[in-house]
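Chain residues, written in single-letter form:
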Amino acid sequence: MHERNWQKSSFSGDDSNCVEVRIGAGLVELRESDDGDVILHTDPAAFADLLGIIKAGILDHHA
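Only a predicted model underlies this, so the values are computations on that prediction, with no experimental measurement involved. (Residues numbered from 1 in each chain as written. Predicted model: local features only at pLDDT ≥ 70, side-chain atom pairs only at ≥ 80, totals over all residues. Heavy atoms only, no water.)

## Let's talk about the side chain of glutamate 29
Of note, glutamate 29 is situated in strand S3 (residues 27–32). With a relative accessible area of 2%, glutamate 29 lands in the buried category. For glutamate 29, the side chain forms a polar contact with the side chain of arginine 22, separated by 2.5 Å. Here the side chain of glutamate 29 touches histidine 41 through a polar contact of 3.0 Å, side chain to side chain. (Helix = DSSP H or I, 4+ residues; strand = E, 2+ residues; numbered from the N terminus. Buried < 20%, exposed > 50% of the residue type's maximum accessible area, 1.4 Å probe, protein only. Polar contact = N/O pair within 3.5 Å; in protein donor to acceptor, adjacent residues only side chain to side chain.)

Structure, rendered in structure tokens:
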């Protein structure tokens, strides 16, 4: 999976302070661009659930 490129949101602009994602080998990997050595691994279903929660605004009160 390490050969795959990291992608960041089109909302991130040019800042290095954004979340990046890559997919491969049945896993989704997430990292913060300014701390690239820390990588979270999850399965696609859990990642889809997380995206649904974010889009629904359920976590907005933590900002």
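## Quick look at the environment of glycine 36
Note that glycine 36 resides in the loop between S3 and strand S4 (39–42). A relative accessible area of 23% places glycine 36 in the partly exposed class. Taking the C-alpha atoms as reference points, glycine 36 and valine 19, 17 residues apart in sequence, are found 9.6 Å from one another.

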